[in-house]
Amino acid sequence: MTEKKATLTIEGKEPIELPMYSGTKGPDVVDVRGLLKHGVFTYDPGFMSTASCESQITFIDGNKGILLHRGYPIEELADNADYLETCYLLLYGDLPNAEQKAKFNHSIMHHTMVHQQIHTFFNGFRRDSHPMAIMVAVVGALAAFYHDSLDINDQNHREITAHRLISKMPTIAAMVYKYSIGQPFAYPRNDLDYASNFLHMMFSNPCEEYKVNPVMAAAMDKIFILHADHEQNASTSTVRLTGSTGANPFACISAGIAALWGPAHGGANEAVLSMLEEIGDESNIEAFIERAKDKNDPFRLMGFGHRVYKNYDPRAKVMKAHADEVLKELGQVNDPLLKIAMKLEKIALEDEYFVQKKLYPNVDFYSGILLRAMGIPTSMFTVIFALGRTAGWIAHWKEMIDGDYRIGRPRQLYTGATERQYPKK
Ligand code: CMC
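Rules used throughout
- Residues numbered from 1 in each chain as written.
- Predicted model: local features only at pLDDT ≥ 70, side-chain atom pairs only at ≥ 80, totals over all residues.
- Heavy atoms only, no water.
- UniProt positions renumbered as here; feature names shortened; annotations may be inferred.
- Phe/Tyr/Trp six-rings, centres within 6.5 Å; stacked < 30°, edge-to-face > 60°.
- Helix = DSSP H or I, 4+ residues; strand = E, 2+ residues; numbered from the N terminus.
- Buried < 20%, exposed > 50% of the residue type's maximum accessible area, 1.4 Å probe, protein only.
- Lys NZ or Arg CZ within 6 Å of the ring centre and 35° of its normal.
- Pairing = 2+ DSSP bridges.
- Near = heavy atom within 4 Å.
- Polar contact = N/O pair within 3.5 Å; in protein donor to acceptor, adjacent residues only side chain to side chain.
- Areas by Shrake-Rupley, 256 points an atom, 1.4 Å probe, with all protein chains shown as cover.
- Domains from an automatic or database assignment.
- Contact = heavy atoms within 4.5 Å.
- Buried area = accessible area lost by both parts, 1.4 Å probe.
- Salt bridge = Lys/Arg side-chain N within 4 Å of Asp/Glu carboxyl O.
- Nonpolar A, V, L, I, M, F, W, Y, C, P; charged D, E, K, R; others polar.
- 1 Å grid on protein atoms, 1.4 Å probe; cavity = no way out; pocket = protein on both sides within 12 Å on 5 of 7 lines; lining within 4 Å.
- Points joined across faces, edges and corners; volume = space filled by probe spheres on them.

- Per an unreviewed UniProt entry, the protein is named Citrate synthase, and its organism is Saccharospirillum mangrovi.
- Per UniProt, the protein has the following entry under Sequence similarities (unreviewed entry): "Belongs to the citrate synthase family."
- For the protein, the Pathway (unreviewed entry) comment in UniProt is given as "Carbohydrate metabolism; tricarboxylic acid cycle; isocitrate from oxaloacetate: step 1/2."

In structure tokens, the structure reads:
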């Protein structure tokens, strides 16, 4: 990192010199840590222009629509890598060679089972619980099963926990689905690849043979790759903040799942489908577009817009191509919801409001359509996002714990009451 200087001038004070750093890509940053001793804080609600940490995992150029994991463009990873290779890349910084890949895959595919006692948790939930509510609880509860490896200062403990989380997320996610439909849990099959095993646990039942459709497995693997990481988004920042307290990694990932659930973040894929269903017919699209533009209406076009991308979300492009492929394979190209989605996208992309505000479709716009075509129920969409994102969360958690970190503790601009006395009785 090269060092430059910035000078901050505050009325009535001597100019304050602040160090600046340049990363390998992206805007330079001004190091404001020394400001405290001058009696001022910076103010940036929503982190509009604040780098919360230094990281080497993922880079996004939002204006150009570029997403790189450890330097590799997402399009190239989606075309050439599989999800577990992407996980390895995120965790360890480089693509694995054949031996490393085989070892990593073996480790991930041999930690897939959850403790039998976890099965009994499920009975405590209503069958109609939202799957994300169960995910938050069960993933957090994994800490109760692995106290032998919860020392975050032990490199081996961190390693085994990272593998366990990536291994067990599909198992837990599929259990949530099976519980919701009243079917027995399907045990993982370690002879299958990661995505096929997930589909097996979701859709097989003891009464008949289930054969994984390779097109579906390939599409699911792509979905996982496209969700694997996205630098310092709300859920990843939540994982880092939680981790900065020394909390165990299962608690951190559970916190990340909770943050992802919101409709402005991962919950958007579910919200896109609900929106398309509410629109119901192509003739209603214009009215919904008008609602999205109306400042007095809280309705937003779900699956559109992004804090960082002011261009097409590169993940959305790849997702769209795969959605087209899978819909063709499954004979669903005439799906009425897909038609509404395509028309909605076209209208929005040409509308002055969306063009001027640079609101493009994001990854969630197409992932919902693809997941629905694959027979995944809407309420499971965000769970699948969480499953894919676990690799990114745990990579960021590891990067933070491996390095030099302090507890994350923001300050505030206080505008409440000044000191006053409790009324005398
Ligand atoms: N529909 C209509 N108007 C929008 C939309 C939308 N989807 N998104 C942003 N705007 C408008 C917003 O009203 C604001 O207008 P103005 O400047 O006149 O006040 C302007 O565009 C900027 O929006 P913002 O809310 O200040 O932007 P943000 O960076 O704080 O929010 C966002 C980003 C993703 C939360 C937002 O675009 C949104 O709510 N989109 C819909 C939800 C969605 O699809 N989320 C998934 C994000 S991608 C997956 C992930 O990373 O989780």
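Still more to cover.
1. Notes on the packing of aromatic side chains
Okay, so step 1: A complete count under the given rule lists 19 aromatic pairs for this structure.
Okay, so step 2: Each ring, one from Y177 and one from F203, has its centre 6.2 Å from the other, and the planes form 70°; the classification is edge-to-face. With Y177 in helix α6 (residues 155-181) and F203 in helix α7 (residues 194-203), this pair connects stretches of sequence that are 26 residues apart.
Okay, so step 3: For F203, a relative accessible area of 22% puts it in the partly exposed group.
Okay, so step 4: Ring pairing ties together the aromatic residues F304, Y353, F354, F365 and Y366, which thus form one cluster.
Okay, so step 5: Over the face of the ring belonging to Y179 we find R127, whose NZ or CZ atom lies 4.1 Å from the ring centre.

2. Here we look at the sheet that holds strand β2 (residues 16-21)
Okay, so step 1: In spatial order, the strands read β1-β2-β3; together these three strands make up an open sheet with antiparallel pairing. Two strands lie at the open edges of the sheet, namely β1 (3-8) and β3 (29-30), each paired on one side alone.
Okay, so step 2: Bridge count for β2 against β3 is two bridges, and the pairing is antiparallel. Across the sheet, M20 pairs through a bridge with V30, a residue of β3.

3. A look at the site of the ligand
Okay, so step 1: Not every one of the 20 residues close to the ligand is listed here, only the nearest: H265, L301, G303, R307 and K357.
Okay, so step 2: R300 is positioned such that a nitrogen or oxygen atom in its side chain is 2.9 Å from an oxygen atom of the ligand.
Okay, so step 3: L301 places a polar main-chain atom, nitrogen or oxygen, 2.7 Å from a nitrogen atom of the ligand.
Okay, so step 4: Relative to its free-state accessible area of 930 Å², the ligand is covered by the protein chains to the extent of 76%.

4. Concerning the domain arrangement of the protein
Okay, so step 1: Domain boundaries assigned for the protein yield domain 1 (2-67) and domain 2 (71-425).
Okay, so step 2: Opposite the 20 residues of domain 1 that make contact, domain 2 presents 23 residues.
Okay, so step 3: Taken as a group, I57, I60 and L67 account for 38% of the area that domain 1 buries against domain 2, more than any other trio of residues on that side.
Okay, so step 4: At the surface where domain 1 touches domain 2, the tally comes to zero salt bridges.
Okay, so step 5: At the surface where domain 1 touches domain 2, the tally comes to seven residue pairs in polar contact (both at pLDDT 80 or more).
Okay, so step 6: Elements represented by at least two residues in the side of domain 1 that touches domain 2 include exactly β4 (58-61) and β5 (66-69).
Okay, so step 7: Per-class residue counts for the side of domain 1 that touches domain 2 are ten nonpolar, eight polar and two charged.

5. Focus on the pairing of β4
Okay, so step 1: In this sheet, β5 lies alongside β4 in antiparallel orientation, the contact comprising four bridges. Residue pairing across strands places D61 opposite I66, the latter belonging to β5.
Okay, so step 2: Between β4 and β5, which follow one another and run antiparallel, lie four residues, and G65 among them has a positive phi close to 70°.

6. Looking at empty space enclosed by the protein
Okay, so step 1: Applying the stated criterion across every chain yields a total of one cavity of 30 Å³ or more.
Okay, so step 2: In terms of lining, the largest cavity is formed by M113, V114, H119, T171, M175, F185, A186, Y187 and P188.
Okay, so step 3: Of the residues belonging to the lining of the largest cavity, the class tally is seven nonpolar, two polar and no charged.

7. Focus: the layout of surface pockets
Okay, so step 1: Computed from the structure, the second largest pocket encloses a volume of approximately 210 Å³.
Okay, so step 2: Taken together, 14 residues make up the lining of the second largest pocket; nearest its centre are D82, D193, Y194, A195 and D221.
Okay, so step 3: Taken together, the elements giving at least two residues each to the lining of the second largest pocket come down to α2 (83-92), α3 (98-109), α7 and α8 (214-227).
Okay, so step 4: A class-by-class count of the residues in the lining of the second largest pocket yields eight nonpolar, two polar and four charged.

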